[in-house]
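Listed here are the chains, written in short residue letters.
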Amino acid sequence: MKFAKRMEHFSEGIFTRLLEIKRQRLENGEPVIDLSVGTPNIPPAQHIMTALCEAAADASNYTYAVNDQSELLQAVSEWYKRRYHVELNPKTQICSLLGSQEGLAHISLAIVDEGDLVLVPDPCYPVFADGPLLAGAELYYMPQKEEHGYVIQLQDIPEAVARKAKFMLVSYPNNPTTAMAPDQFYLDLIDFAKKYDIIVLHDNAYSELVFDGKTCGSFLAYPGAMDVGIEFNSLSKTYGLAGARIGFCVGNPDVVSVLKKLKSNMDYGMFLPIQKAAIAAITGDQSEVERVRDIYEERRDILCEGFSNLGWHIAKPEASMFIWSRIPDHYDTSEQFAMDLVTQAGVIVTPGSAFGPSGEGYVRFALVQDKETLQQAILSVDNSGMLREKNNEFITR
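Model, not experiment: these values are computed from the prediction.

**Things to note about the overall build of the protein**
At step 1: Regarding its fold elements, the protein presents 13 helices and 12 strands.
At step 2: Rg of the C-alpha trace for the protein: 21 Å, near the compact-globule value of 21 Å for 397 residues, within the 12% margin.
At step 3: Principal-axis analysis of the C-alpha atoms places the extent of the protein at approximately 65 × 55 × 55 Å.
At step 4: Going through the 397 residues of the protein one by one, you find that 54% of them count as buried.
At step 5: Summarising the internal contacts of the protein: among those between residues at least 6 apart in sequence, 74% fall at separations of at least 24.
At step 6: Surface exposure of the protein reaches about 17700 Å², of which carbon and sulfur atoms provide 50%.

Pasting the structure below:
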């Protein structure tokens, strides 16, 4: 059998090997603490689950949704106005997604043709690159370097590349680096996009998971942003609805319209009870958002302080549900370190190389276990001795 050449861009690689080791350890009765995939273990608030259950018990809700319900579109419009101070027309500037991942995987099909150039961050959430590759695009990686606070340096993008680019993806707070971008970056980004006629997609999935009393807004709140792009937002992490797959594309009406057209040929819309759950989440009691934020901040502190006390200094991230850290000096590659973590300590993390060329030398922890489990992970790594060289001296950066 012969398959599409586009599939040559994709491989299971390290993830398959890590999962196989996890399976073997579990079969052997050995402990495994999985901090690799950003799958929240914090359930939705009760009023959200009640709305979902009540709607699921209504037999009339099992027809095709086809379109977003007007009640949902109005709720999203009010949510963006209340939370981000952004005005959205419910009819023309909002489109639901079956999770942000689905939207990121498909939107390039609506924007780029084969051979078009797309600008993606490096390192980046994998589907940022995978989506354009599925559409046959060429990629140009925009480095997110530690010395620049992991913020893209737009002025370093070659003029010829910028003139050729059709589409670019940006995301702050960032996955995997956890960085936030200053206001000036967004102002420069809008000027850059206008100058070179580039469509911008800003992924804002972690705007509520910002710590130490800081806050984060929306790309669309900056003057001119609506002229050049859109924003994706998600209820997965903020409201504990990851498995329900609820996301939104909002912003420039032309881009939203073309995505709606594409999706009308790909799916039949979001399951109606899930639309009801989404409405309950964004219109109901928002104190749960603060509670979830506090949980992730506590987990961050436990993991960073715990490993720092062992001699592996990890700076506390200011946002997201992840920790991004350089690997200890006595390791050559992030994959080697990740493999040793799981085989010697039973702790699974994602090697930075999985996020692009600039991710090498780092690992990403997902804060998806409770604090007791995180403390056990620290103890397991300490007991393994893998943070020490042969002379038993701790390695720090």
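**Some remarks on the pairing of strand β4 (residues 138-143)**
At step 1: Bridging between strand β3 (residues 117-122) and β4 involves six bridges; their strand directions are parallel. Across the sheet, aspartate 122 pairs through a bridge with proline 143, a residue of β4.

**A closer look at the sheet that holds β3**
Paired through backbone hydrogen bonds, the strands of a sheet run either parallel or antiparallel to each other.
At step 1: If you walk across this open sheet you meet the seven strands as β2-β8-β7-β6-β5-β3-β4, and the pairing is mixed. Single-partner strands in this sheet number two, and they are β2 (94-97) and β4. This sheet shows a mean twist of 20° between the axes of neighbouring strands, independent of strand direction.
At step 2: Pairing geometry for β2 and strand β8 (residues 247-251), over four bridges, is antiparallel. Looking across to β8, one finds that serine 96 is bridged to phenylalanine 248.
At step 3: Packed on one face of the sheet, helix α4 (residues 100-111) meets β2, β5 (165-170), β6 (199-203), β7 (229-234) and β8 and runs near 160° to β7.
At step 4: Contacts between helix α9 (residues 253-264) and the sheet are confined to β2, β6, β7 and β8, with β2 contributing the most and set at about 40° to the helix.

**Examining helix α13 (residues 371-384)**
At step 1: Taking 1.5 Å of rise per residue, 14 residues should cover 20 Å, and α13 covers 20 Å from first to last C-alpha, within 8% of that figure.
At step 2: Among the structural elements, β1 (33-34), α11 (287-309), α12 (334-345) and β10 (347-348) are those in contact with the buried residues of α13.
At step 3: Just downstream of α13, glycine 385 is the residue with a positive phi angle, here 75°.

**Some remarks on the sheet that holds strand β9 (residues 322-326)**
At step 1: Spatial strand order, β9-β12-β11: three strands in an open sheet with antiparallel pairing. Each of the sheet's edge strands pairs with one partner strand only, and the pair in question is β9 and β11 (350-351).
At step 2: Where β9 meets strand β12 (residues 362-366), five bridges bridge the pair, whose relative direction is antiparallel. Within β12, the position partnered with arginine 326 by the bridge is tyrosine 362.

**Some remarks on the packing of aromatic side chains**
At step 1: Evaluation of the coordinates by the stated rule reveals 21 aromatic pairs.
At step 2: Geometrically, the ring pair formed by tyrosine 64 and tyrosine 268 is stacked, given 4.2 Å between the ring centres and 20° between the ring planes. Placement of tyrosine 64 in the loop between α2 (46-56) and α3 (70-84) and of tyrosine 268 in the loop between α9 and α10 (272-283) is noted, with a sequence separation of 204 residues between them. Each member of the pair, tyrosine 64 together with tyrosine 268, is exposed.
At step 3: Seen from their ring centres, tyrosine 186 and tyrosine 222 are 5.0 Å apart, and the 20° between their planes marks the pair as stacked.

**Some thoughts on the environment of alanine 278**
At step 1: Here alanine 278 lies in helix α10.
At step 2: With 213 residues separating them along the chain, alanine 278 and alanine 65 place their C-alpha atoms 14 Å apart.
At step 3: Ignoring any residue separated from it by four or fewer positions in sequence, one finds alanine 278 in contact with Leu72, Leu235, Ile246 and Phe248.

**Description of the packing of α11 against α13**
At step 1: One can describe the packing of α11 onto α13 by two numbers: an axis separation of 10 Å at closest approach and a directional angle of 15°. On the basis of the axis angle, α11 is roughly parallel to α13. Considering how the two elements wind past one another, α11 and α13 form a crossing that is right-handed. Note on element contacts: α13 touches α11 through Lys371, Leu374, Gln375, Ile378 and Val381, opposite Glu298, Arg299, Ile302, Leu303, Gly306 and Phe307.
At step 2: Looking at side-chain class alone, the contact of α11 with α13 contains six nonpolar, two polar and three charged residues.

**A word on the packing of α4 against helix α5 (residues 126-134)**
At step 1: The interhelical angle for the contact between α4 and α5, taken along N-to-C directions, is 35°, at an axis separation of 7 Å. Handedness of the α4/α5 crossing: right-handed. Of the residues in α5, those in contact with Gln101, Leu104, Ala105, Ser108 and Leu109 of α4 are Val127, Phe128, Gly131, Pro132 and Leu134.
At step 2: When its residues are assigned to classes, the contact of α4 with α5 shows seven nonpolar, three polar and no charged.

**Comments concerning the side chain of asparagine 61**
At step 1: Residue placement: asparagine 61 occurs in the loop between α2 and α3.
At step 2: Looking at asparagine 61, its side chain comes within polar contact range of the main-chain oxygen of alanine 55, at 2.9 Å.
At step 3: Once residues within four sequence positions are removed from consideration, asparagine 61 is found in contact with Ala55, Phe271, Leu272 and Pro273.

**Some points on the nonpolar core**
At step 1: Grouped together as the largest cluster of nonpolar side chains are 60 residues, with contacts concentrated most on Leu119, Met168, Phe185, Leu235 and Phe248.
At step 2: Looking at this core, the elements with two or more residues in it are α3, β3, α6 (159-164), β5, α7 (183-196), α8 (225-228), β8 and α10.
At step 3: Once you skip the residues sitting within four places of it in the chain, phenylalanine 248 turns out to touch Leu72, Val76, Trp79, Ile94, Cys95, Ser96, Leu97, Glu231, Phe232, Asn233, Leu235 and Ala278.
At step 4: In this structure, Leu35, Ile323, Phe337 and Leu374 belong to the second largest nonpolar core, which totals 39 residues.

Cut-offs and rules
- The residue numbering used here restarts from 1 in each chain and proceeds along that chain's sequence as written.
- The model is predicted, so local features are restricted to residues of pLDDT at least 70 and side-chain atom pairs to those at 80 or more, both for listing and for counting; the totals for chains, interfaces and linings are taken over all residues.
- Side-chain descriptors were evaluated using all non-hydrogen atoms of the structure, hydrogens and water having been removed beforehand.
- Think of it this way: any DSSP run of H or I at least four residues long counts as a helix, any run of E at least two long counts as a strand, and we number them from the N terminus.
- C-alpha atoms define the radius of gyration in this analysis, and the globule rule sets the expected value at 2.2 Å times the number of residues to the power 0.38.
- Accessibility here uses a 1.4 Å probe with only protein chains present; expressed as a share of the type maximum, an area under 20% marks a residue as buried, one over 50% as exposed, and anything in between as partly exposed.
- Note on definitions: a residue-residue contact is assigned when non-hydrogen atoms from the two residues lie within 4.5 Å.
- Using a 1.4 Å probe, the Shrake-Rupley method yields the accessible areas, and only the shown protein chains count as cover for residues.
- Strands are treated as partners if at least two bridges between them are detected by DSSP.
- Axis definition: a line fit to C-alpha positions, over the contact stretch in the case of helices; interaxial angles, taken between N-to-C directions, run 0 to 180 degrees.
- Working rule for helices: expected span equals 1.5 Å times residues minus one.
- Each aromatic pair joins two rings of Phe, Tyr and Trp (for Trp, the six-membered one) with centres within 6.5 Å, and gets the label stacked for planes under 30 degrees apart, edge-to-face for over 60, and tilted for any other angle.
- Should an angle lie under 35 degrees it is considered roughly parallel, over 145 roughly antiparallel, and from 65 to 115 roughly perpendicular; all remaining angles are considered oblique.
- Handedness of a helix crossing follows the sense of rotation of the near helix relative to the far helix, less than a right angle counterclockwise being left-handed and clockwise being right-handed.
- Polarity classes work like this: nonpolar for Ala, Val, Leu, Ile, Met, Phe, Trp, Tyr, Cys and Pro, charged for Asp, Glu, Lys and Arg, and polar for all others, with Gly in that last group.
- We call two N or O atoms a polar contact when they sit within 3.5 Å, provided that within protein one can donate a hydrogen and the other can accept it, with sequence-adjacent residues counted only if both atoms are side-chain atoms.
- Side-chain atoms within 4.5 Å link the members of a nonpolar core, which is a set of buried Ala, Val, Leu, Ile, Met, Phe, Trp, Tyr and Cys residues.

Function cannot be inferred from these measures alone, as they are strictly geometric.
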